[in-house]
Structure formats: C-alpha cells, structure tokens
Amino acid sequence: MSLDAKIPEGPLAQKWSKHKFDLKLVNPANKRKYDIIVVGTGLAGAAAAASLAELGYNVKAFCFQDSPRRAHSIAAQGGINAAKNYQNDGDSVFRLFYDTIKGGDYRAREGNVYRLAEVSVNIIDQCVAQGVPFAREYGGLLDNRSFGGSQVSRTFYARGQTGQQLLLGAYSALNRQIHAGKVKMYTRTEMLDVVTIDGHAKGIVTRNMITGSIDTHAGHAVLLCTGGYSNVFYLSTNAIGSNVTAAWRAHKRGAFFGNPCYTQIHPTCIPVTGDHQSKLTLMSESLRNDGRVWAPKTVEIAEQLRKGSIKADQVKEDDRDYFLERKYPAFGNLVPRDVASRNAKEMVAEGKGVGGSGFAVFLDFADAIKRLGEDTVRAKYGNLFDMYIQITDENPYKQPMRIYPAVHYTMGGLWVDYNLSTTVPGLYALGECNFSDHGANRLGASALMQGLSDGYFVIPYTLGDYLAKIGPKKVDTTHPAFEATKKDVVTYINKLLALKGNKTVNEYHRELGHIMWEYCGMARTAEGLTKAKGLIKALKADFWVNAIVTGENEEVNASLERAGRIADFIELGELMVDDALMRNESCGGHFRVESQTPDGEALRDDENFAFVAAWEFKGENQPEELHKEQLVFEAVHLSQRNYA
Ligand SMILES: Cc1cc2nc3c(=O)[nH]c(=O)nc-3n(C[C@H](O)[C@H](O)[C@H](O)COP(=O)(O)OP(=O)(O)OC[C@H]3O[C@@H](n4cnc5c(N)ncnc54)[C@H](O)[C@@H]3O)c2cc1C
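Residues numbered from 1 in each chain as written. Predicted model: local features only at pLDDT ≥ 70, side-chain atom pairs only at ≥ 80, totals over all residues. Heavy atoms only, no water.

> Can you lay out the layout of surface pockets for me, pointing to particular residues and giving the numbers?
Estimated volume of the second largest pocket: approximately 720 Å³. Lining the second largest pocket are 31 residues, with Val272, Tyr404, His514, Trp517 and Glu518 positioned closest to its centre. Elements supplying a minimum of two residues to the lining of the second largest pocket: β15 (401-410) and α15 (505-520). A breakdown of the residues in the lining of the second largest pocket according to their chemical character gives 18 nonpolar, eight polar and five charged. (1 Å grid on protein atoms, 1.4 Å probe; cavity = no way out; pocket = protein on both sides within 12 Å on 5 of 7 lines; lining within 4 Å. Points joined across faces, edges and corners; volume = space filled by probe spheres on them. Helix = DSSP H or I, 4+ residues; strand = E, 2+ residues; numbered from the N terminus. Nonpolar A, V, L, I, M, F, W, Y, C, P; charged D, E, K, R; others polar.)

Structure (structure tokens):
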C-alpha cells in the first residue's frame, strides 16, 4: 500500500483555503442523517464532538472517566500558542510555522504545520467567545508569555491551569449539544475495538466499566481522540489513566502507526524519588520565562549539595553554571525541550547533579523575585509553586526548585493524512492520538493548539468530504461484522481473566517502564535497543503465563482494565524499539548516541531519514512492515538546528 498524505497542491499559504473549497459538502438538511462516533472527550474530542453536533450531525461520544472534565487535557499548565502578534514583537503565521518545523527538527509536514499556524488565531477567538479566562494585561488585552524554541511571546495562558480552562470551554460547548440532544455522551465506557465493513470503519465495541456489558455502536465514521501513550514508560507526567488501547486496537485493524519512537522528555519535572512512585509531576515550561537553570560548576560543590552540607543559595554566583544561557545565548533558558533535557542529563553525567539522588539540576527564581517581587512571581506561577511545595516540602520562593527530565508527550501516534484520516477509511485520529504536526519534538504550548485545531477547525471540514462521498445510507449493528468483533473482544477479555499467576499487571508495567526508560529514553543505542527488544519479548511471554488478573467482567474491575492496557503497552513498546532501531539518526527527542555533532547535539541524516515512518500490523507476533512517507520541504531550508 502506498501512503498518500493528500497534501493539497499550490502555494503553502493557500493550501488550506483551496482545499476547503475543493472538499465536498454535506448539505445542512442531510447532516442529520449521519451518525458520528467520537471516542475521547479531552480537548480534541470535546471540540470535535461539539463542532460536529453544532453542524447538525448526530454524535455519540465516549470517555472512560466519569466526566469529560476529567480528561488528561485538564492537566495542561503553561499555555497555548497562537500567532496573534499582540505583542508586536515580530510574530506571524509564517514565524509560528517556521518555529514549529524547526522545533520538530524537520520531521513534520510543511502543509500540516502551516495550517496549524494559520488556524491558531481562530482558536483564541473561539475560546474567548466561550468565556475561557485567559490572563490579561493591566489594560485588559490578552497577555502572552514565551515558550521554548521561539523568540517571541505568543503563548496565551490562564495562570498554570490553561488546559483546565480550555477544557471547561470545550466541555460547555459539548454540554450545550448534549442538552440539545445532538450528542449522546457515554461516560465510564471504554472502547476496545473498531468494527470495519469492507475496509471502512463503521463502529466500535465498548465495555461498560460499571456493569461489564460489552456493546456495539454503529456510525458513518469513527474519530479517535484518545490522547498519547507516554505511560508506556510507566512513570510520566501524564494522567495515570492515559493509555494506548484505542489507538493500538485500531492499529491492529489496519491503521498505520506513525513515528512510534518519537517521545518527548520534558526538562522541568519534579525528580523521581524511588520505586514507590506511580506518577511524575511537571513543572510547566512557562517557569523558564523567569526561572534560571543551573548546576554547580564543580563536582565538589555538587557533592556538598547532595550531602546537604550546603544549600543552593549558599553557592556563590561564580560557582554556578547557567549552562543553557552559556551554551545557547540567543534562546537562553527557553531552548526547546529536547535540547534542555539533554543538557540536564549531561550535567548529571558529569557528576554535577544535585538533590539526594544526584539526578537533578536547579531552576532558580531568586533573580526574578529580586526583579519583580515575590507577589508578582506568585501571581504568575503561584499554583505551580504550591504544587512543588506540597510534593517536595521545599519552598521554591526561598531555595531553587530541583528539576529533572521526565517523559511527557508522544509525538508519534496513528498515521493520518492531511484530512486527519488514518489508513482505514472512515477512521480518523485527532489530538495527541495522531502523529501529525510536531515532527520529532513538540514545542511547548503547541499540543493544545493542535488538539483544538483538529477538533474545532479541521475535522468539521474534512469529515464532510468523506461523508458526502459515502452517502447517508444507514449503518446499524445488525451487520455480522459487529457480532464478530464483539466476539473477539469477549474472547480477549476471557483470556485476560483466565490469568491466575502470581505477578500483578502493575509489576509488568513497571518493568516495561524500566526497559523503555533505560534503552528507549533520552539516549538510544543500537546495542541497547536490541537488548530492549529481547527483554520486551520475554516480558510479554511471561505476562501471558504469570500475570494475575482478579475479579469478574461483570463488575467494576480495575485489574481487568489495567491488564488490557498493559498488554497493549507491551506490544507498543516493542514497536517503539523497532522504530528507534530503524531510525539510525538523531532528530529532536530521538537521540541516537551513534549520531551526534561534536558538541553533542542531535545529528540528522536527511538523505536517508527525511521520512515519516508508518508501521503496518501484519498479525500477532509478526514483524510489522515499514512504509515511508517522504517529507518534502519547499518553504524551509533543512539545516542543523542552532539555538546559540
Ligand atoms: C502535565 C502536563 C502539562 C501539559 N501542559 C501543556 C501546555 O501547557 N500546553 C500544551 O499545549 N500542551 C500541554 N500538555 C500536553 C497536552 O495536555 C495534551 O497533549 C493534550 O491535552 C491531549 O489532548 P487530547 O484531547 O488529545 O487527549 P486527552 O486529553 O488525553 O483525552 C483523551 C480522551 O480519550 C478518552 N479515551 C482514551 N482511551 C479511551 C478508550 N479506549 N475508550 C474511551 N475513551 C478513551 C479519555 O477518556 C479522554 O476523554 C501537557 C501535558 C501534561 C502531561
């Protein structure tokens, strides 16, 4: 099968407008004849469900939490980018496009990224109209701050809880449609499979997480808005519930998986304290607007700090190495995340790490407090500081924060074309669930932008084209494909419930996480990845013999839910390792130790690897087939990223 990204012809700036005109339309009176299934009601899914219902389609929406308000999106802290240029500091649609392509280390599609930058401005207007309380300046205009990888201030924010406020906006729009009878919402319902008929997605199979009832739902199209898969690493900043099951099961039904190894390690997280932890906490990138990252200049001082014989504020200015400011004067502390993370790791490797474990560097606000006053710093970042105090019992107003990189976001995901269609017609992927716009490294504040762009502004157009082509002929669950897929799901659940070994599924998850972090984390080598593949295969075999799954299907059963998700994570982990091994270059967050510049920066190999890797499932325990979508760059010149 050859991959067609369906990027429209014509000049970059006109592609989207032209495409929208070329797309077929469903007339308003016919829209009510179509049923659309939206799985996931985080920012991408809630935006899509509300917009499609507003257009007149009948929407069924699903989430596994007890309310859409609890989607992982609510955790987003720092902000959302948009090329409004309110600051008059040189921003433009083209600059946001350029920063995003460069930030992704030239591994994203130009056409998609330009569209993202173009509609970013509409997102802000949409959210303001919904009442999202973005921060404002003294004069009443919307305020902005900076995020990594850019030299302008284009990030709109609501203190350190931007995701929550945006989600409340999208959730209000969704509720309006639920009330109007255009969206039927299914909470505590987990999608476990996609139903295809003649190669087209026509529905899903779900499990009611309260009663265990296995049900089928039919629709003219299925939209997966099910988030990212960082939890394959066990410890990540994602919500504990975030998982890959919906995407992975769709993958097994024919949807290619794009760039699975592209993972983002965020530089500013609260360091790991031990094996008792099941979750890590992010300290938003926005803190790098005012916080200065440093490590002690010498190993001796670092040792004193580790032992606790001196405190950070006792380290003299001359004995501090503000390593990001030193190495990257043009961007300073706001270099992209992959660059900041690797530098922190380097400091630790040189023996200059701080904190009890030695796996941390400092993020210091002393200068900002001196310059702006504690009240101003509190007003900007108060909730983040409070969170830090509650978790560490240390006061960042008095001593610098200790931070270290942690897994945060997955740029990989289901492969989609320009219309957000997966390789299964009728099956779409939106938000973090798809691989689309961030290349090998996502810039801060761009995920919310992408999820809302997909949901509010892209899918309402592109889905119509597909629906107009297939026509409104009723689809219902009486087709034998529904019963057959349901049977597969029930068989799989029974297989999980039959596991009566002596190791909890959580233990398998933790072991998988260790393997992924060690060999497919911040630095990857051919040798390590080969070893990881063997370890994951062994873990999988062991899981299906020695895992224990307790309880029954017909009840609330967290053990069963977790077992299914972890079995999928294990399989995904193997594909991530295959992808990382295949990509014998460094780019963005994918750092192959064998491919680096003399300064230790990621060294791309554009001649051989300027492509999207799209993997096709070929059957249980079979190697997946790699398809390559060649990336074509017309508007930007590929160069070694330089933030100095
Ligand atoms: C701590 C933190 C802070 C962040 N801060 C920012 C920020 O400041 N700016 C920014 O741009 N990005 C930020 N991000 C990234 C951003 O929050 C996410 O990428 C984004 O919110 C993902 O939205 P989504 O709608 O794609 O998925 P999610 O919000 O993860 O929603 C997934 C939905 O899918 C449902 N679902 C999943 N699987 C199933 C299934 N099998 N069956 C039924 N339902 C299912 C869930 O119930 C949920 O409703 C941050 C991320 C983290 C971890």
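From this point, the discussion proceeds with the structure in view.
> I'd like a rundown of empty space enclosed by the protein, residues and numbers included.
Scanning all chains against the criterion turns up six cavities of 30 Å³ or more. Lining the largest cavity are Glu190, Leu192, Arg207, Thr245, Arg249, Tyr492, Ile493, Leu496, Leu560, Glu561, Gly564 and Arg565. Broken down by element, the lining of the largest cavity gets its largest block of residues, four residues, from helix α17 (residues 558-582). Here the lining of the largest cavity is composed, by residue class, of five nonpolar, two polar and five charged. Taken as a whole, the second largest cavity encloses approximately 60 Å³ of empty space. Listed by contribution, the elements that provide at least two residues to the lining of the second largest cavity are β11 (263-269) and α10 (337-349). Taken together, the residues that form the lining of the second largest cavity break down as two nonpolar, five polar and two charged.

> Describe the sheet that holds strand β21 (residues 625-630), naming the residues involved and giving the relevant values.
What the four strands build is an open sheet, ordered β16-β10-β20-β21; its pairing is antiparallel. Of all the strands in the sheet, just β16 (413-414) and β21 have a single pairing partner and so form its edges. Pairing geometry for strand β20 (residues 611-616) and β21, over six bridges, is antiparallel. Opposite tryptophan 615, over in β21, you have leucine 626 as the bridge partner. Across the face of the sheet, α17 comes into contact with β10 (257-258), β20 and β21 while running at roughly 145 degrees to β20. (Pairing = 2+ DSSP bridges. Contact = heavy atoms within 4.5 Å. Axes fitted to C-alpha atoms, helices over the stretch in contact; angles between N-to-C directions.)

> How would you sum up the site of the ligand? Please name residues and give values.
Around the ligand sit 37 residues in total, of which Gln65, Ser73, Gly78, Met191 and Glu432 are the nearest. Take serine 73: an N or O atom from its side chain is 2.5 Å from an oxygen atom of the ligand. Leucine 448 is positioned with one of its backbone polar atoms (N or O) 2.8 Å from an oxygen atom of the ligand. Expressed as a share of its isolated accessible area of 1000 Å², the protein-covered part of the ligand is 97%. Among the elements of the structure, α3 (43-55), β6 (189-197), β15 and α13 (447-470) are those that each provide at least two residues to the shell around the ligand. Here the element with the most residues in the shell around the ligand is β6; it accounts for three residues. Class assignment for the residues of the shell around the ligand results in 17 nonpolar, 17 polar and three charged. (Near = heavy atom within 4 Å. Polar contact = N/O pair within 3.5 Å; in protein donor to acceptor, adjacent residues only side chain to side chain. Areas by Shrake-Rupley, 256 points an atom, 1.4 Å probe, with all protein chains shown as cover.)

> Please give an account of the nonpolar core that cites residues and values.
Residues Ile36, Ile80, Leu223 and Phe543 are the most contacted members of the largest nonpolar core, which totals 156 residues. The greatest single-element share of this core, amounting to 12 residues, is contributed by α17. In this structure phenylalanine 543 touches Leu496, Leu499, Val505, Tyr508, Ala563, Ile566, Ala567 and Ile570, once residues within four positions along its chain are discounted. Counting residues in each nonpolar core, the second largest holds 28 residues, with Val339, Ala340, Phe365 and Tyr388 among its members. (Core = buried A, V, L, I, M, F, W, Y, C linked by side-chain atoms within 4.5 Å. Buried < 20%, exposed > 50% of the residue type's maximum accessible area, 1.4 Å probe, protein only.)

> An account of the environment of glutamate 518 is needed here, citing residue identities and associated values.
With respect to the helices, strands and loops of the structure, glutamate 518 is situated in helix α15. Taking the C-alpha atoms as reference points, glutamate 518 and phenylalanine 233, separated by 285 residues in sequence, lie 9.7 Å from one another.

> Describe the packing of helix α7 (residues 245-252) against α17, listing the residues and the values that go with them.
Where α7 contacts α17, the two axes come as close as 9 Å, and the packing angle between them is 60 degrees. For the pair α7 and α17, the crossing hand works out as left-handed. Within the contact between the two elements, α7 uses Thr245, Trp248, Arg249, His251 and Lys252 and α17 uses Gly564, Arg565, Asp568, Glu571, Leu572 and Leu575. (Left-handed = near helix turned anticlockwise from the far one by under 90°.)

> Describe the pattern of salt bridges, and please don't skip the residues or the numbers.
According to the stated counting rule, one finds 45 salt bridges in the structure shown. For the salt bridge of arginine 176 with glutamate 54, the shortest nitrogen-to-oxygen distance reads 3.0 Å. One end of the pair, arginine 176, is in helix α6 (residues 162-179); the other, glutamate 54, is in helix α3, and 122 residues separate them in sequence. Residue classification places arginine 176 among the exposed residues on the basis of a relative accessible area of 52%. Across the salt bridge formed by aspartate 91 and arginine 154, the nearest N and O atoms sit 2.9 Å from each other. Remark: arginine 154 occurs in the loop between α5 (110-130) and β4 (155-156) and aspartate 91 occurs in the loop between β3 (80-81) and α4 (93-103); sequence separation between them is 63 residues. Judged on exposure class, the residue aspartate 91 and its partner arginine 154 are both buried. One network of salt bridges, with partners in common, ties together Asp105, Arg107, Asp338, Arg342, Arg583, Glu585, Arg604, Asp606 and Arg641. (Salt bridge = Lys/Arg side-chain N within 4 Å of Asp/Glu carboxyl O.)

> Which residues make up the packing of α3 against α6, and what are the values?
Viewed as axis vectors pointing N to C, α3 and α6 meet at an angle of 35 degrees, and their least axial separation amounts to 8 Å. Of the two possible hands of crossing, α3 and α6 adopt the one that is left-handed. Two secondary-structure elements touch here, α3 through Leu43, Ala46, Ala47, Ala49, Ala50, Ala53 and Glu54 and α6 through Leu166, Leu167, Ala170, Ala173, Leu174, Arg176 and Gln177. Within the contact of α3 with α6, the residues separate by chemical class into 11 nonpolar, one polar and two charged.

> I'd like a rundown of the environment of asparagine 553, residues and numbers included.
Mapped onto the secondary structure, asparagine 553 falls in the loop between β19 (547-548) and α17. Residues asparagine 553 and asparagine 441 lie 112 residues apart in sequence; the distance between their C-alpha atoms is 40 Å. If near-sequence neighbours (up to four positions away) are discounted, asparagine 553 is found in contact with Arg207, Thr211, Gly212, Ile214, Ile493, Leu497 and Leu560. A distance of 2.7 Å separates the side chain of asparagine 553 from the side chain of arginine 207, its partner in a polar contact. A distance of 3.0 Å separates a polar atom in the side chain of asparagine 553 from the backbone oxygen of glycine 212.

> So what's going on with the side chain of threonine 100? Which residues, and what values?
Assignment of secondary structure puts threonine 100 in helix α4. Its relative accessible area of 4% is what places threonine 100 among the buried residues. Within the local environment of threonine 100, its side chain forms a polar contact with the backbone oxygen of leucine 96, the two atoms lying 2.6 Å apart. In contact with threonine 100, not counting residues within four places along its chain, are Val113, Asp437 and Leu443.

> Describe unusual backbone geometry, with residues and values.
Phi at asparagine 88 takes a positive value of approximately 60 degrees, unusual for a residue other than glycine. Looking at the element boundaries, asparagine 88 is found in the loop between β3 and α4. Although it is not a glycine, aspartate 105 sits at a positive phi angle of roughly 55 degrees. Residue placement: aspartate 105 occurs in the loop between α4 and α5. With relative accessibility at 2%, the residue aspartate 105 sits in the buried group.

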